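Residues per chain are reported as follows:
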Amino acid sequence: DYPLSAVIMSEYANKRTRGAFIAAVFAMQGMGILFAGVISLIFSGIFLHVYNAPAFNRNHVLSAQPQGDYLWRIVLMFGAVPAALTYYWRMKMPETARYTALVEGNHKKAAVDMAKVLDTDINVVTSAYPAPVSPEASTYGLFSKEFVQKHGLHLLGTTSTWFLLDIAFYTINLTQKDIYPATGIVRKAAAMDAIEEVFRISKAMFLVALFATVPGYWFTVFLIDRIGRFIIQLGGFLLMSICMAILGARYDSLRGKKCDAKKDPLHEYCDGNHTWFMILYGLTLFFANFGPNSTTFIVPAELFPARLRSTCHGISAAAGKAGAIVGAFGVQYYTQKGDKQIKQSIITLAVVNFLGFLCSFMVPETNGLSLEELSGEDKEIAPVTNGIATNGKHEHEDSQMV
């Protein structure tokens, strides 16, 4: 749904507020994170109250309640509800007017579809001599030389930045269950039973999302059409890199050392600066979302011509998921070898973010320009003078939206 949701909103929005509208669509991901956290908290809280058990360090067997197997299944099943609603609403949604008009050439149907979406009447002016698409119109394909010349660098920029972002972004998100005990906001696993661990980690994830992740999305919504995509992406990559470099360089002192189980049986690490650890971690998530995690979703939906827009966005998103695979399997596997490898991985991710900063220079600013100006499609309509097309040809009667 990444390409579809971004491109649909992009093609319906006007150029002055397009960035905010697409960013708002993406910000719903943050609302989904909060909703998922609430669902997990509610059910794990109920299960914890009903099926109380001793901690793992007191009883290895009874601490793993068999009812916990039902808990994760119930939480997972709730994910089917928004998926089903999305499918229903997608089936009700017409094709975008830009695609219908520019690619299919059916201006009358484009006007009808737009009127349905906006729930208003749109005047359709019939002309015997509409402006035809010129012979040099954008008929080039994705693998053509012309596409490479016009948009090759753009596609390289959107794919590389999304790939590099997701290496870091998915790594720091998938390691949350290990980060929270290290920062002291969640008890060590041995001091909890299985369901309590689900409850406490869900609570920590919800709070971090509420105060770090979700605000980043909405800062983008409110500021993207004022300061532009380029500045937000550059700033986000750079500040993520700085935060992760500090985390990596000061990892031991921020985390602390292993606690003496007799002196502190509840926590994994002691004598560290856990407050600054969480501040730097939270800022990393904040500037990911008030930064490249939002802009890499927005810009590919604006840069490319109508008939290739969703395809190029999908290619960019696929590159991002390839980065997620590298982070989930490559980086996380390496961190399991020990503390030294964890430090090296965090510093490596800081370098990855800086590479994303550099690759961002391949992506132009799209703020304030129409989709046709960005893709070059505004130059592909043959001009008409006194009702006569300049290429010397008349076309059949058609309709134009005004």
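Our subject is the structure that appears above.
The notes below deal with the structure included here. Given the structure is predicted, the values throughout are model-derived calculations rather than measurements.

Taken as a whole, this structure holds 19 aromatic pairs when the rule is applied. With a centroid separation of 5.8 Å and an interplanar angle of 25 degrees, the aromatic rings of Y2 and W162 are classed as stacked. Placement of the pair is Y2 in helix α1 (residues 2-12) and W162 in helix α7 (residues 145-174), with a sequence separation of 160 residues. The exposure class of W162 is buried, given its relative accessible area of 1%. Between F286 and F287 the ring centres are 5.0 Å apart and the planes differ by 80 degrees, which places this aromatic pair in the edge-to-face class. Chaining the aromatic ring pairs together yields one cluster made of Y2, F26, W162, Y217 and F297.

This paragraph deals with the packing of α7 against helix α16 (residues 339-359). One can describe the packing of α7 onto α16 by two numbers: an axis separation of 9 Å at closest approach and a directional angle of 160 degrees. Relative to α16, the element α7 is oriented roughly antiparallel. With respect to the hand of their crossing, α7 and α16 are arranged in left-handed fashion. Seen from α7, the contacting residues are G157, S160, T161, L164, I167, A168 and T171; seen from α16, they are L349, V352, N353, L355, G356 and C359. Here the contact of α7 with α16 is built from residues that sort into seven nonpolar, six polar and no charged.

As enumerated under the stated definition, the model contains one cavity of 30 Å³ or more in all. Lining the largest cavity we find R229, F230, Q233, V299, S360, V363 and P364. Tallied by class, the residues present in the lining of the largest cavity amount to four nonpolar, two polar and one charged.

On the surface, a cluster of nonpolar side chains totalling about 810 Å² of accessible area is made up of L238, L239, I242, I246, I347, V351, F354, L355, L358 and F361. Those elements giving two or more residues to the nonpolar patch turn out to be α10 (229-249) and α16. The element that contributes the greatest number of residues to the nonpolar patch is α16, accounting for five residues. Mapped onto the fold, L238 is located in helix α10.

If you look at the biggest cluster of nonpolar residues, it comprises 29 residues, and the most contacted ones within it are Y180 and Y281. Residue contacts for Y281: discarding those within four places in its chain leaves I172, Q176, I179, Y180 and L247.

Moving on, we come to the state of the cysteines. By the definition in use, this model includes one disulfide. Between the sulfur of C259 and that of C270 lies a disulfide, 1.8 Å long from S to S. Where C259 bonds to C270 through sulfur, the torsion about that S-S bond is close to 110 degrees, and the disulfide is right-handed. In this pair, C259 is assigned in the loop between β2 (257-258) and β3 (269-270) and C270 in strand β3, connecting sequence segments eleven residues apart.

Reading the values: rules and limits
- Residues numbered from 1 in each chain as written.
- Predicted model: local features only at pLDDT ≥ 70, side-chain atom pairs only at ≥ 80, totals over all residues.
- Heavy atoms only, no water.
- Phe/Tyr/Trp six-rings, centres within 6.5 Å; stacked < 30°, edge-to-face > 60°.
- Helix = DSSP H or I, 4+ residues; strand = E, 2+ residues; numbered from the N terminus.
- Buried < 20%, exposed > 50% of the residue type's maximum accessible area, 1.4 Å probe, protein only.
- Axes fitted to C-alpha atoms, helices over the stretch in contact; angles between N-to-C directions.
- Parallel < 35°, antiparallel > 145°, perpendicular 65-115°, else oblique.
- Left-handed = near helix turned anticlockwise from the far one by under 90°.
- Contact = heavy atoms within 4.5 Å.
- Nonpolar A, V, L, I, M, F, W, Y, C, P; charged D, E, K, R; others polar.
- 1 Å grid on protein atoms, 1.4 Å probe; cavity = no way out; pocket = protein on both sides within 12 Å on 5 of 7 lines; lining within 4 Å.
- Points joined across faces, edges and corners; volume = space filled by probe spheres on them.
- Patch = residues over 30% accessible without salt bridge, like charges linked within 9 Å, V, L, I, M, F, W, Y side chains within 5 Å.
- Areas by Shrake-Rupley, 256 points an atom, 1.4 Å probe, with all protein chains shown as cover.
- Salt bridge = Lys/Arg side-chain N within 4 Å of Asp/Glu carboxyl O.
- Core = buried A, V, L, I, M, F, W, Y, C linked by side-chain atoms within 4.5 Å.
- Disulfide = S-S within 2.5 Å.

No statement about biological role is implied by the geometric values presented.
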